[in-house]
Structure formats: structure tokens, C-alpha cells
Amino acid sequence: MDLTAPLRISGLGKSFGKACVLRDISFELPAGASLSIIGPSGCGKSTLLSMVAGLTKADEGHILLPENCRSAFILQDYGLFPWKTVRDNLALPLQLQGIGRKERFEAAQAMLEELGLGGLAQRYPVQLSGGQRQRVAIGRALISRPDLLLMDEPFAALDAITREHLQNQLLDVWKRRRMSFMLVTHNVAEAVFLGRYIMVLGGRPARSVLWVENPCFGDASSRNSDVYFSLIRQVHEALEAAQKNNGPDDTDSAEGGLA
Amino acid sequence: MRVLDILFRYVVAFLALLALWQIGAWALGPYILPAPLDVLAAWVDALRGNDLWGHIRSSAFRVATAMILAWVTAFPLGIFLGYKRRIDRFISPMVFLTYPLPKIVLLPVFLTLFGLGDLSKILLIALTTGYQILVVTRDGIRHLDGRYLESFRTLGGSPAQLIRHVLVPAALPDAMTSLKVASGTAVAVLFMAESFATQSGLGFIIMDAWGRGDQLEMFCGILSMSLLGLMVYETCHITEKLLCRWKKLETKR
Ligand SMILES: Nc1ncnc2c1ncn2[C@@H]1O[C@H](COP(=O)(O)OP(=O)(O)O)[C@@H](O)[C@H]1O
Ligand SMILES: [Mg+2]
């Protein structure tokens, strides 16, 4: 098992029926690094994550994960089960692997403590706030100790303060575990704060229109640095251009994609 | 506190019903409607002997066995049909063509096929109850939010684990409610099945006493059957509450 190997994606493409959604996506993500993916709504970000997770088949190209790489996926809308308590939701991945009751409950409790949810084990998801629910979803993804964490707009539904808090918490977790993660977001500041690499998708079909490395990634004080702000401006401009290109009159949509 | 509150309301309702009954008894006379206190006295008296208990046992056994049988067949089948839509497309026309049919009209057929004993009655009640559970469970699974299936796929469980962790708990609340609602029909079918060609059960007592013009015994049977219906309903209700705690939290909001 070589977990220092990078994640390699080459020439990835995907169509739904006649509409080609993604084309020729290629990049390499070093082990333990993070990638933020940003792009206009409907451009194929969720589809890309789903392909990396192995839930959707790619039409073209390859995804090369390091050998024995375990991935975990946090869906756009948390995906907790309302009929299970917080503890049972958290412990479910371990239960599915056949891990015994005592061991998985201890792991769940430890994870709850780590995420600052210690007292909520017996609650049901409806009894939690949006931020708490999202933390449980993160905990459920982390509990099987993944090497690659995939997150689809994990903080989109949260208020600004909770969102910032969870962003910091995610960075803390990352510093302790050093898993790779890929994060889809709509928010430029979030993309820059959480990504060591930032990829902007745009066009129709979507491809990578910008790929930058973030030199001050992981530095909590970077939120106020000049590099941070200039990076935000760069990503923002690329995103605006992509959004313009995404209009229905765009000649790129020659494949009949009124999708 | 809340338990006392509920109990209080039940007691008030019970006394109000007794009062109405008493007024009816005065109006109609003891040959049509005996007075409630006379019936209660006769009922307590009958409970001291063994006869009434025997009939209660027969009826309770039939309805309980039938409802359990209905549940263990219809609930899994409903989940299966709801999930395997391709198979459901062939089965559901059959279900829907026969669903509106009042199963009680099959009583003579069942008596011929399965004899005059418990089996025919149990099967008939189970058929009536099972249909409702089947239809509701199947629809519950069909309308299950696709996000739960997708979420489970990200965790990578087996089909058996999907059934256990997603399909069964998702379908359970609606199915339990349908079981509860069906319990009323179940007791009604029990009565019909017992009023005919049998010597045991509360339905038999009621019809037998009616034939002999023994109003007091008839009302003892009616009272017992009502209580049996109430017990069946409450059992379903409590089971539902225990198994679907999360659902109640959801609707509270
Ligand atoms: N299962 C599917 N079948 C058909 N079209 C799909 C399917 N999934 C996504 N699409 C289409 O692919 C495009 C990209 O979807 P998605 O990846 O969800 O976008 P994003 O996450 O970037 O908003 C959208 O136009 C969407 O309608
Ligand atoms: Mg999406």
C-alpha cells in the first residue's frame, strides 16, 4: 500500500444522454493535499465527485486512486438517516464493515467528542441544528478513517458564522489526519481558504479553466493576507468568465445541450 | 402528568358513553337495550366463570395470529415490490384489481377450502389486513426519498444491509399506521367469520345469545368484543410509538 501516491485523473469525460457535461478533466492531487472545485451551478461538479467516489461511471478517461485508497463521500444534503440516532448514524459505516457493537460505539463517542458534539449521541437528526447535522455527517465520513474525503457543498446551507467555524474545524481535523480531500463549493472565499489547489470549472461541456496552487493554505492567519485576497480575485474572475460562457447562446453547446 | 391527563379524558369519555347508553336503555326498554349497569354486572359475573374466557381466548388467538401472519407476509412483500419496480409492474395490476374487493365475501370459499376451524378464519382476517399493509408499504418504498438510497450507496453496504438499515425503517411508520387502521377491519371480519358455523369465539356468543333472545349475554359478548378491538388497536399503537420514535419528533416540529 502506497498512500504517498497521488490521485491521478486524466481525460475524464461524462455525458448524460446527448448532453456532454464534462470533458477532458485532468489533474493530479498529491497525497494529503486538498482541492477545491468551484464552478457555475449545473456544470458537473457533483458528477465529478461522484465519479471519483466510484458511484458514477466515467464515459472517457481514467481515475487512478492510490492502491487501497479508502474514500468517503459527504453528499450535498448531509445524507443522515432520520430513523437513526446520532450515534447510530455515526457508527453505521463501522457496522456495515461488521465491527462489533462496543467497539463501534466507542469510536462514535470519540468522534463526537472530537467534533464537539459529545452530549448529542442519543438525539435524532431532526433534533439538531444545520451545523450540528453537518458535523455529524463529517464525523460519519471520517469514522472509517478515509484516505480521501469527498465533500459536495458541505457548508452551503449554513449561516456565515457556523460556516466559518466548521471550515476551521475541518482544517483542524485535516492537520491531525492528513487525508486528501476534494471539496465542491459555490463560495470563492471558502474555495481559497480550504484548497491547497483550486480548480475552476467552466464552459459547456465543462473543463478546467483555472488551476492554481494556494501558497498560504492551512495558515489560519492567511484569511487576512494579500496573497489570499489576490487569489480570491483571480478565482473570482475565472468564475465570472466561466459563468458568462455558460449562457444558452454559447457556441460550445453545439452538442445540443439545452440541458 | 400527561398520562394522568389522557387517563382523565378516557374516564370522562367512558362515563359519557355510559350516560348515553343509559338514556338509550330508558328510551328503548330492556328487551332492546339493557341498562349498562345490568350488563356490567352480568359481564363481571361471566368473567368469574370459564366459559366467557374460553371464547375470549379463541377470538384473541384468531385475530392476533391473523395480524401477525399478515404482517410477516405483507410487509416484506411490500418492501420487495416497492423496491423491485420491474417485478411490481406485473404484480401491481393484480393487487389493484383485487384490492377493492371486500374479502369477507370469500368467507364461504374459505370455509370450503380450509375447513370450519381456526385456519379459515385466520386466513380470511390475514388476507383483509395484509392487503392494506402491502399497498401502504409498497407505496412508502416507492416514494422513498432517493437521497437515502444514494447516501447509503456512498457507505457501500450490501443489499441485505440496505434492507435492514434503510428500507425497513423507512417503510415502518406508514406500515405500522396501516396495521393500526386495519385492526378495526380485522375485528369486524373476525365477528363475521365467527357468527357462522362455529361454536367458539365472541362472535358466536353474540349471535347465539341473540338467537335465544338473551339480551344480557349478547351485550356481554358485544362488550368483550369491543374491548378486544380496543386492545388490538392499542397494542398496535404502542408498538408503533416504540418503534418509530423518530417519526414523532419529526412531526412535532
Ligand atoms: N443522473 C443524471 N441524469 C441526467 N442528467 C444528469 C444526471 N446527473 C446530473 N445531470 C445533469 O448534469 C449536469 C451537471 O449536474 P451536477 O453535476 O449535479 O452539477 P453541479 O453539481 O455542478 O451543480 C446538470 O445539467 C444535470 O442536469
Ligand atoms: Mg451539485
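Residues numbered from 1 in each chain as written. Chains lettered and ligands numbered in written order. Predicted model: local features only at pLDDT ≥ 70, side-chain atom pairs only at ≥ 80, totals over all residues. Heavy atoms only, no water.

Undergrad: Where do I start with the domain arrangement of chain B in this structure?
TA: A common way to express how large an interface is: the accessible area buried when the components associate. Residue and element names in this part refer to chain B. The domain boundaries assigned to chain B delineate domain 1 (1-31) and domain 2 (34-252). Here the C-alpha centre of domain 2 lies 27 Å away from the C-alpha centre of domain 1. With seven residues of domain 1 at the interface, the matching set in domain 2 holds seven residues. With both chains or domains summed, domain 1 and domain 2 bury close to 720 Å², and 65% of this area falls on carbon and sulfur atoms. (Domains from an automatic or database assignment. Contact = heavy atoms within 4.5 Å. Buried area = accessible area lost by both parts, 1.4 Å probe.)

Undergrad: What is the right way to read the packing of helix α2 (residues 36-48) of chain B against helix α3 (residues 51-83) of chain B from this model?
TA: A pair of packed helices is characterised by two quantities: the angle between their axes and the separation of those axes. All names here are of chain B. Between α2 and α3, whose axes approach to 6 Å, the crossing angle comes to 85 degrees. It follows from the interaxial angle that α2 and α3 lie roughly perpendicular. Residues W43, A46 and L47 of α2 pack against L52, W53 and I56 of α3. Classifying every residue of the contact of α2 with α3 by side-chain character gives six nonpolar, no polar and no charged. (Axes fitted to C-alpha atoms, helices over the stretch in contact; angles between N-to-C directions. Helix = DSSP H or I, 4+ residues; strand = E, 2+ residues; numbered from the N terminus. Parallel < 35°, antiparallel > 145°, perpendicular 65-115°, else oblique. Nonpolar A, V, L, I, M, F, W, Y, C, P; charged D, E, K, R; others polar.)

Undergrad: Just to check I follow, could you spell out the sheet that holds strand β7 (residues 180-185) of chain A for this structure?
TA: By way of backbone hydrogen bonds, the strands of a sheet pair with one another, either parallel or antiparallel. Residues and elements named next belong to chain A. Taken in spatial order, the six strands line up as β5-β6-β7-β3-β8-β9 in an open sheet, and their pairing is mixed. Edge positions in the sheet fall to β5 (71-74) and β9 (207-213), since each of these pairs with one other strand and no more. The average angle at which neighbouring strand axes cross in this sheet is 15 degrees, direction not considered. As defined by bridge partners, strand β8 (residues 197-202) adjoins β9 across six bridges and the pair is classed as antiparallel. In the sheet register, L201 faces β9, and the bridge partner there is S208. Packing against the sheet, helix α1 (residues 45-52) makes contact with β3 (34-38), β5, β6 (148-152), β7 and β8, and its axis sits at approximately 155 degrees to β6. (Pairing = 2+ DSSP bridges.)

Undergrad: When you look at the domain arrangement of chain A in this model, what are you seeing that I'm missing?
TA: Residue and element names in this part refer to chain A. If you check the domain split of chain A, you get domain 1 (1-70 + 148-253) and domain 2 (80-145). Inter-centroid distance (C-alpha atoms) of domain 1 to domain 2 is 26 Å. Of the residues lining the interface, twelve residues belong to domain 1; the matching set on domain 2 comes to 13 residues. Between domain 1 and domain 2, a total of about 1,100 Å² is buried, with carbon and sulfur atoms accounting for 58% of that surface. With its nearest N and O atoms 2.4 Å apart, the salt bridge here joins E114 to R176. Our count for the contact surface shared by domain 1 and domain 2 stands at five residue pairs in polar contact (both at pLDDT 80 or more). No other element matches the six residues that helix α5 (residues 160-177) contributes to the side of domain 1 that touches domain 2. Grouping the amino acids of the side of domain 1 that touches domain 2 by side-chain chemistry returns seven nonpolar, two polar and three charged. (Salt bridge = Lys/Arg side-chain N within 4 Å of Asp/Glu carboxyl O. Polar contact = N/O pair within 3.5 Å; in protein donor to acceptor, adjacent residues only side chain to side chain.)

Undergrad: Explanation requested: the interface of chain A and chain B in the structure shown.
TA: Each partner contributes residues to the interface: chain A has 19 residues there, and chain B has 20 residues. The junction of chain A with chain B conceals about 2,000 Å² of combined surface from both sides, 65% of it contributed by carbon and sulfur atoms. Considering only the side of chain A, the residues that lose the most area to chain B are A:W83, A:L96 and A:V126, jointly responsible for 35% of the buried surface there. For the pair chain A and chain B, the number of links is zero salt bridges. Elements with a contribution of two residues or more to the side of chain A that touches chain B: α2 (86-96) and α4 (130-142) of chain A. It is α2(A) that contributes the most residues to the side of chain A that touches chain B, four residues altogether. Of the residues assigned to the side of chain A that touches chain B, the class counts are twelve nonpolar, three polar and four charged.

Undergrad: Looking at this structure, I do not really get the pattern of salt bridges. What am I missing?
TA: Pairing of side chains with opposite charge becomes possible as their charged atoms draw close. Counted by the stated rule, this structure contains 19 salt bridges over all chains. A salt bridge links A:D59 to A:K14; the shortest N-O distance between them is 3.7 Å. Highlighted residues: A:D59 in the loop between α1 and β4 (60-64) and A:K14 in strand β1 (residues 7-16), separated in sequence by 45 residues. Judged by its relative accessible area of 45%, A:D59 falls in the partly exposed class. Residue classification places A:K14 among the buried positions, given a relative accessible area of 10%. In the salt-bridge network here, residues are joined through shared partners; they are B:D88, B:R138, B:D139 and B:R142. (Buried < 20%, exposed > 50% of the residue type's maximum accessible area, 1.4 Å probe, protein only.)

Undergrad: How should I be thinking about the side chain of B:H55 in this particular structure?
TA: Residues and elements named next belong to chain B. When you line up the elements, H55 lands in helix α3. Using a relative accessible area of 15% as the deciding quantity, one classes H55 as buried. With residues near it in sequence (within four places) discarded, H55 still touches Q199, S200, G201, L202, F204 and I205.

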